[in-house]
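Residue strings, one per chain:
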Amino acid sequence: MNTRKLFKKVAVFGAALALASSAVMAQDKAVTLDDLLKQVQDGSYAEAKENKAREARFKKEKAKQAQTLANAKAQRTKLERLSVQKEQQFEANEIKVVDAQKRLKERLGTLSELFGHLTSAAGDMRSNFEVSRVSAQYPGREEFLDGLVAKMTNSDQLPSIDEIERLWFELQREMTESGRITTFAATVVTPNGDQIEADVLRVGSFNLVTTDGKYLTYGSNGVIEELPRQPDGRYLSWASDASSATDGLQSFGIDPTGPTGGSLLSALIGTPTLEERWHQGGYVGYAITAVGVVAILLAIWRMIVLIGMSSKVSSQLKSDKANPNNPLGRVLMVHEENPSMDSETLELKLSEAVLKEIPAIESYLNGLKIIAAVAPLMGLLGTVTGMIITFQAITIFGAGDPKAMAGGISGALITTVLGLLVAIPTVLMHTIVAARAKSIIHVLEEQSTGIIAEHTTKA
């Protein structure tokens, strides 16, 4: 009985031990109670040994951490002491800097005002040299001025005598070269982007031209570029003549804004030509031009016809026999063909003959009148459509660029100008042609009235 109870207790303890150390119990299976007891005893020894090793490792790591913490505290204490030393040294250095600045200011005295003027003069010269035509021949002056200005604005450095003398030299050279005409070799960038070596004529600080008369520009980037659009032909010929001249007086187109960048020349060459302005009118402008050409041709044709007709009428007035090649001759033939007709009938016949001639004399005059009235309306149509396009662009891109907006409005107004340019001459031509036609009709009416009066007197 006691043996059975002991077996149960051992079995329960073995099951618990199997759950705690499954790796050990899984290796061998107990066959007898002695084997099971031996395995339990071996497992207890193994666990005790592992726990002792783990405890020793934990103690070792704890000691290492304590040492690391002690080292960190010692380092912090050391750095705190160093920080206090540096703060004290910084405060002492600030006091020394203030004293040094005070002594520097006392020693400079009136020289500080001189250096201020030098800094101001160097800054002004730097901005002038950046766009000066003289810098195209003498590059690198801007870098020297930049370094000098940076040095003089630094409170712990002063310019040397050589630097001050060079500043004076550069100022004097700029004044001297601004009144000199000279030629030098330089790299020129053409409008298509090619770089060529060319002889450049410099006219003071105003203009740069090539030996073949092409005007050049010099920008802040230090590059000499050929203007993509040159001035009028006479200026190019003057520049070419000046490049090949050796002495004497020569005509030349000077840009007075050359020393400040040449804004006047850029504005002049940027102004659209008449052809470019005409193209700004678009399809409406082309239609107005076509109508104007038709009006001019029509007026010239009718004027030629009426002049020839007036000449024939004048010849008929000097002749005693009616000639059917002119309106007056055809009217007179009515009287010659009916010499014995009564006065009232003859008057009606002559009036009918005059009325037949009037349409041929006044033909196409209404066409000129219509063109003179329609041309301004077409111009107004083009302006309205152009303004619509401009406002649509403003809606999409905004009004941040006034130049682009002004360009759109200017292009829209071109059609109005074209319409007026067509309407005004057309009105004048219509008046002249109509006056010539009325003079011929007046002769016909006058002669027909005279014929009736003469016929009535004879009757």
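You'll find the structure just up there.
Residues numbered from 1 in each chain as written. Predicted model: local features only at pLDDT ≥ 70, side-chain atom pairs only at ≥ 80, totals over all residues. Heavy atoms only, no water.

Colleague: Before we move on, could you go through the overall build of the protein and cite the residues and values that matter?
Modeller: A count of helical and extended segments in the protein gives 15 helices and 5 strands. Out of the 459 residues belonging to the protein, those deemed buried represent 29%. Here the analysis covers contacts within the protein between residues at least 6 apart in sequence; of these, 60% occur between residues at least 24 apart. Counting only carbon and sulfur atoms, one obtains 61% of the accessible surface of the protein, whose full area is about 30,200 Å². (Helix = DSSP H or I, 4+ residues; strand = E, 2+ residues; numbered from the N terminus. Buried < 20%, exposed > 50% of the residue type's maximum accessible area, 1.4 Å probe, protein only. Contact = heavy atoms within 4.5 Å. Areas by Shrake-Rupley, 256 points an atom, 1.4 Å probe, with all protein chains shown as cover.)

Colleague: Lay out unusual backbone geometry in plain terms, naming residues and giving numbers.
Modeller: Non-glycine residue Tyr-364 carries a positive phi angle of around 70°. Locating Tyr-364 in the fold gives a position in the loop between α13 (343-361) and α14 (365-397).

Colleague: Provide a residue-level description of the pairing of strand β3 (residues 207-210), including the pertinent values.
Modeller: Residues Asn-207 and Val-209 line one face of β3 and the alternating positions Leu-208 and Thr-210 line the opposite face, and both faces are buried. Here strand β2 (residues 195-203) pairs with β3 via 4 bridges, running antiparallel. Residue pairing across strands places Val-200 opposite Thr-210, the latter belonging to β3. With antiparallel pairing between neighbouring strands as the criterion, β2 and β3 make up a hairpin whose turn holds 3 residues, including Gly-204 at a positive phi of roughly 60°. As paired elements, β3 and strand β4 (residues 215-218) share 2 bridges and run antiparallel to each other. Along β4, the bridge assignment pairs Val-209 with Tyr-215. Taking the residues that link successive antiparallel strands as the turn, the β3-β4 hairpin has 4 residues, and the phi of Gly-213 there is positive, at about 95°. (Pairing = 2+ DSSP bridges.)

Colleague: Summarise the sheet that holds strand β1 (residues 181-189); cite the residues concerned and give the values.
Modeller: Think of a sheet as strands paired side by side through backbone hydrogen bonds, with each pair either parallel or antiparallel. Taken in spatial order, the 5 strands line up as β1-β2-β3-β4-β5 and close into a barrel, and their pairing is mixed. Neighbour to neighbour, the strand axes of the sheet diverge by 50° on average, direction disregarded. Where β1 lies against β2, 9 bridges are found, and the strand directions are antiparallel. Residue pairing in the sheet places Val-188 in a bridge with Ile-196 of β2. (Axes fitted to C-alpha atoms, helices over the stretch in contact; angles between N-to-C directions.)

Colleague: Outline α13, supporting the account with residue identities and numerical values.
Modeller: Side chains that are three or four residues apart share a direction in an α-helix, a result of its 3.6 residues per turn. With 19 residues, α13 ought to run about 27 Å at 1.5 Å a step, and its terminal C-alpha atoms sit 26 Å apart, in line with that. Those residues of α13 not exposed but buried are Ser-343, Leu-346, Leu-350, Ala-353, Val-354, Glu-357, Ile-358 and Ile-361. Buried residues of α13 fall within an arc of 150° about the axis and therefore sit on the same side. Along α13, exposed side chains directed more than 90 degrees from the buried face belong to Glu-344, Leu-348, Leu-355, Lys-356 and Pro-359. (Expected span 1.5 Å × (residues − 1). Arc of directions from axis to C-beta.)

Colleague: Before we move on, could you go through empty space enclosed by the protein and cite the residues and values that matter?
Modeller: Gaps left between atoms show up when a probe the size of a water molecule is rolled over them. Enumeration over the complete set of coordinates arrives at 1 cavity of 30 Å³ or more. By volume, the largest cavity is sized at about 50 Å³. Taken together, Arg-133, Leu-216, Thr-217, Leu-227, Gly-261, Gly-262, Leu-265 and Ser-266 form the lining of the largest cavity. In terms of residue class, the lining of the largest cavity is made up of 3 nonpolar, 4 polar and 1 charged. (1 Å grid on protein atoms, 1.4 Å probe; cavity = no way out; pocket = protein on both sides within 12 Å on 5 of 7 lines; lining within 4 Å. Points joined across faces, edges and corners; volume = space filled by probe spheres on them. Nonpolar A, V, L, I, M, F, W, Y, C, P; charged D, E, K, R; others polar.)

Colleague: Which residues make up the packing of helix α6 (residues 141-153) against helix α7 (residues 161-177), and what values go with them?
Modeller: Between α6 and α7, the least distance of the axes is 11 Å, while the angle of their chain directions is 140°. As far as their axial angle goes, α7 and α6 are oblique. For the pair α6 and α7, the sense of crossing is left-handed. Across from Arg-141, Phe-144, Leu-145, Leu-148 and Lys-151 in α6, the residues of α7 making contact are Glu-163, Arg-166, Leu-167, Glu-170, Arg-173 and Glu-174. Its residues assigned to classes, the contact of α6 with α7 comprises 4 nonpolar, no polar and 7 charged. (Parallel < 35°, antiparallel > 145°, perpendicular 65-115°, else oblique. Left-handed = near helix turned anticlockwise from the far one by under 90°.)

Colleague: Hey, could you go over the packing of aromatic side chains for me, with residue numbers and the actual values?
Modeller: One pair of aromatic rings is described through two measures. These are the centre distance and the angle between the planes. What the rule picks out here adds up to 4 aromatic pairs. With a centroid separation of 6.2 Å and an interplanar angle of 90°, the aromatic rings of Tyr-283 and Tyr-286 are classed as edge-to-face. Residue Tyr-283 and its partner Tyr-286 are located together in helix α11 (residues 282-318), separated by 3 residues, close to a single helical turn. Look at Tyr-286 and you get partly exposed, because its relative accessible area is 32%. Every member of this aromatic cluster is reached through a ring pair, and the members are Trp-278, Tyr-283 and Tyr-286. Looking at Arg-166, its charged tip hangs above the ring of Phe-144, at a distance of 4.1 Å from the centre. (Phe/Tyr/Trp six-rings, centres within 6.5 Å; stacked < 30°, edge-to-face > 60°. Lys NZ or Arg CZ within 6 Å of the ring centre and 35° of its normal.)

Colleague: Let's hear about the environment of Phe-206: which residues, and what values?
Modeller: Residue placement: Phe-206 occurs in the loop between β2 and β3. Residue Phe-206 is classed as partly exposed on the basis of its relative accessible area of 28%. The spacing of Phe-206 and Pro-259 is 53 residues in sequence and 5.7 Å in space, taken between C-alpha atoms. The contacts of Phe-206, once residues within four sequence positions are left out, are Arg-133, Ser-178, Ile-254, Asp-255, Pro-256, Gly-258 and Pro-259.

Colleague: Got a sec to walk through the pattern of salt bridges? Specific residues and values, please.
Modeller: A side chain with one charge can pair with a side chain of the opposite charge if their charged atoms come near. Evaluation of the coordinates by the stated rule reveals 12 salt bridges. Note that Arg-173 is salt-bridged to Glu-170, the shortest N-O span being 2.9 Å. You can see Arg-173 and its partner Glu-170 sitting in helix α7, 3 residues apart, about one turn around the helix. A relative accessible area of 19% means that Arg-173 is categorised as buried. Since its relative accessible area comes to 2%, Glu-170 is described here as buried. Lys-356 is paired through a salt bridge with Glu-352; the nearest N and O atoms lie 3.8 Å apart. Here Lys-356 and its partner Glu-352 are both found in helix α13, 4 residues apart, which amounts to about one turn of the helix. On the accessibility criterion, Lys-356 (59% relative accessible area) is exposed. One network of salt bridges, with partners in common, ties together Arg-141, Arg-166, Glu-170, Arg-173 and Glu-174. (Salt bridge = Lys/Arg side-chain N within 4 Å of Asp/Glu carboxyl O.)

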